[in-house]
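# Chain and residue survey
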Amino acid sequence: INRTTGELKLASIMRDLAIEYTDIGKWNGTYRINAANFFGGSNLAMRTVNEKFQMNIQYYAMVNFYGFQRIAERLGGIDIDITEDEMNEINKWAYNVHLNGTQTLAYARIRKLQGGDYMRSQRQRTVLSKLLEKVKQLDAIQLAALATEMLKDVKTNLPFDDLFPLAVQVCGNGLSGVKTLQLPVSGTYKEETRNNQSMLYDCDFATNALQLYNFIYEQ
């Protein structure tokens, strides 16, 4: 979030990105990047992203699956274009394109269809953009009520006094045309199975760090 303009950019890192962990004791080894949160919580997650992508992330917001579902439900669900295969994965007995909270979570987590983790991260960016569109429709009182309820399901180290002003700023500046980026970018890694683990190996982190920097600061 650009605190001056309110512009919003959304970058996602594919969970299958292979990371060599060297400071988690007896568990040292190669795991997916999302394992950082499992082994060391938000601090290791932020440190891993900072080291690999040359960032200086200091704040985080973490929402568990149940909380994500509750937030989507609180916003009344989302309208979204989906394929028949996607709907079969979400809810085999209903073919609508309005997703409630449970269906929104299921849609964001689909991995078994063609495209795997690539399409999964794209779906997640789509869901977040749709939810933000719903937030924009709220007035100040509704937004404050939503924020208060959401805090039950969100863990963050952002100062409380920063949360509401940031939300108001983003909503006030509009959310159309949110720019997105998926990392690692195509051609900078090898998708292979090694030691029975299918992950994205040999990532060119220098190239991806530059791509992320340009996405945030130059576009």
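So, a few notes on the structure that sits alongside this text. (Residues numbered from 1 in each chain as written. Predicted model: local features only at pLDDT ≥ 70, side-chain atom pairs only at ≥ 80, totals over all residues. Heavy atoms only, no water.)

### Quick word on the nonpolar core
Ranked by size, the top nonpolar core spans 21 residues in total, and within it Leu 17, Tyr 21, Phe 53 and Leu 212 carry the most contacts. Mapped by element, the contributors of at least two residues to this core are β2 (18–21), α1 (35–53), β8 (179–183) and α8 (205–217). Among the elements that line this core, the one with the most residues is α1, at 5 residues. In this structure, Phe 53 is in contact with Ile 13, Leu 17, Ile 33, Leu 183, Phe 205, Asn 208, Ala 209 and Leu 212, ignoring residues within four places of it in sequence. Membership of the second largest hydrophobic core comes to 16 residues, among which are Ile 71, Ala 72, Met 87 and Leu 143. (Core = buried A, V, L, I, M, F, W, Y, C linked by side-chain atoms within 4.5 Å. Buried < 20%, exposed > 50% of the residue type's maximum accessible area, 1.4 Å probe, protein only. Helix = DSSP H or I, 4+ residues; strand = E, 2+ residues; numbered from the N terminus. Contact = heavy atoms within 4.5 Å.)

### A look at the pattern of salt bridges
A full pass over the atoms with the stated rule returns 9 salt bridges. Between Arg 15 and Asp 16 there is a salt bridge; the shortest N-O distance is 3.9 Å. Linking Asp 23 and Arg 47 is a salt bridge whose minimum nitrogen-to-oxygen distance equals 2.1 Å. Pair noted here: Asp 23 is in the loop between β2 and β3 (29–32) and Arg 47 is in helix α1, with a separation of 24 residues, a long-range link. (Salt bridge = Lys/Arg side-chain N within 4 Å of Asp/Glu carboxyl O.)

### Describing unusual backbone geometry
Residue Pro 184 is bonded to the preceding Leu 183 through a cis peptide linkage, with omega at -5°. Along the polypeptide, Pro 184 turns up in the loop between β8 and β9 (190–194). Here the phi dihedral of Gln 54 falls at roughly 55°; this positive angle occurs in a residue that is not glycine. If you trace the backbone, Gln 54 turns up in the loop between α1 and β4 (61–63). When its relative accessible area of 59% is taken as the criterion, Gln 54 is described as exposed. Backbone geometry places Asn 196, a non-glycine residue, at a positive phi of 65°. Mapped onto the fold, Asn 196 is located in the loop between β9 and β10 (197–201).

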